[in-house]
Amino acid sequence: MEPPKSYCQAIHSGRLPEVHQRYHNFDYGFPIYSDDELFGRLILEINQAGLSWTTILNKEANFRKAYANFDISTIAAFGEKEISELLQNEGIIRNRLKINAAVHNARQIIDLQHTHGSFQNWLNGNSPLDREAWVELFKKTFKFTGGEITNKFLMSTGYLKGAHDADCPV
């Protein structure tokens, strides 16, 4: 049997664990209107780097709890004590660079909220851009947002096309 060529094909072939079904059907490629939830998706995408998406989806509730329900203001105020606690939290990915990026990026989003009204407004104000322009903008603005992370974040939140195949029932 030929391997699936897309996420949709993998979902519909039953080759992925059940946790992917909900994500594919209800989250992947759909707009997110809350800055905190947008930021939460960015945290998850950053933490996926070098790991499987299944691992991240299975730990999503742990990330939400560890990262203050993705509350941007709370995470922006994290200091060394909170970072140390995250580094000890076995329920998440304990990578100092990824944790520091989350705190830094929360602070960047606070700045974007002050200048643009919201993180979503900033994204909308820069849309539409092509993938390369988005990657350049994200690299200038955030930490730990290379090409693949930026691409997956933007596709998963509906800012870049390609999340679902044209014949996907979703």
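Scroll up to find the structure.
Residues numbered from 1 in each chain as written. Predicted model: local features only at pLDDT ≥ 70, side-chain atom pairs only at ≥ 80, totals over all residues. Heavy atoms only, no water.

Asks: How would you sum up the pattern of salt bridges? Please name residues and give values.
Replies: Per the counting criterion, the structure on display carries six salt bridges. For E80, the salt bridge identified is with R96, shortest N-O distance 3.4 Å. Taken together, the residues E80 in helix α7 (residues 80–88) and R96 in helix α8 (residues 96–116) connect sequence positions 16 residues apart. According to the relative accessible area criterion, R96 is partly exposed, its value standing at 40%. Here R131 makes a salt bridge to E148, at a shortest N to O gap of 4.0 Å. Residue R131 is located in helix α10 (residues 131–141), and its partner E148 is located in helix α11 (residues 147–156); the two are separated by 17 residues in the primary sequence. Look at R131 and you get partly exposed, because its relative accessible area is 31%. (Salt bridge = Lys/Arg side-chain N within 4 Å of Asp/Glu carboxyl O. Helix = DSSP H or I, 4+ residues; strand = E, 2+ residues; numbered from the N terminus. Buried < 20%, exposed > 50% of the residue type's maximum accessible area, 1.4 Å probe, protein only.)

Asks: Summarise the side chain of Q120; cite the residues concerned and give the values.
Replies: Structurally, Q120 is set in helix α9 (residues 119–126). Classification of Q120 by relative accessible area gives buried; the value is 16%. Setting aside residues no more than four positions away along its own chain, Q120 makes contact with I32, Y33, D35, L38 and Y159. (Contact = heavy atoms within 4.5 Å.)

Asks: An account of the nonpolar core is needed here, citing residue identities and associated values.
Replies: Membership of the largest hydrophobic core comes to 48 residues, with the highest contact counts inside it found for F63, Y67, F119, L123 and F138. The element that contributes the greatest number of residues to this core is α8, accounting for seven residues. Ignoring anything within four residues of it in the chain, the contact list for F63 reads I43, L44, N47, I56, F70, I92 and I93. (Core = buried A, V, L, I, M, F, W, Y, C linked by side-chain atoms within 4.5 Å.)

Asks: Any details on α8? Residues and values, ideally.
Replies: Across its 21 residues, α8 extends 29 Å between first and last C-alpha, which sits within 8% of the 30 Å expected from 1.5 Å per residue. Listing the buried residues of α8 in full gives K98, I99, A101, A102, V103, N105, A106, I109, I110 and L112. Those residues of α8 hidden inside the fold are in contact with α3 (35–48), α6 (72–76), α7, α9 and α10. Sitting at the amino-terminal end of α8 is N95, which places a side-chain oxygen 2.9 Å from the backbone nitrogen of L97. G117, located one to two residues past α8, shows a positive phi value of around 95°. (Expected span 1.5 Å × (residues − 1). Polar contact = N/O pair within 3.5 Å; in protein donor to acceptor, adjacent residues only side chain to side chain.)

Asks: If you had to explain α3 to someone new, which residues and values would you point to?
Replies: Across its 14 residues, α3 extends 20 Å between first and last C-alpha, which sits within 8% of the 20 Å expected from 1.5 Å per residue. Counting buried positions over the 14 residues of α3 gives twelve, a clear majority of the element. Within α3, burial applies to D35, L38, F39, G40, R41, L42, I43, L44, E45, I46, N47 and Q48. N-cap assignment for α3: the residue whose side-chain oxygen lies 3.3 Å from the backbone N of D36 is S34. Directly beyond the C-terminal end of α3, a positive phi value near 85° is found at G50.

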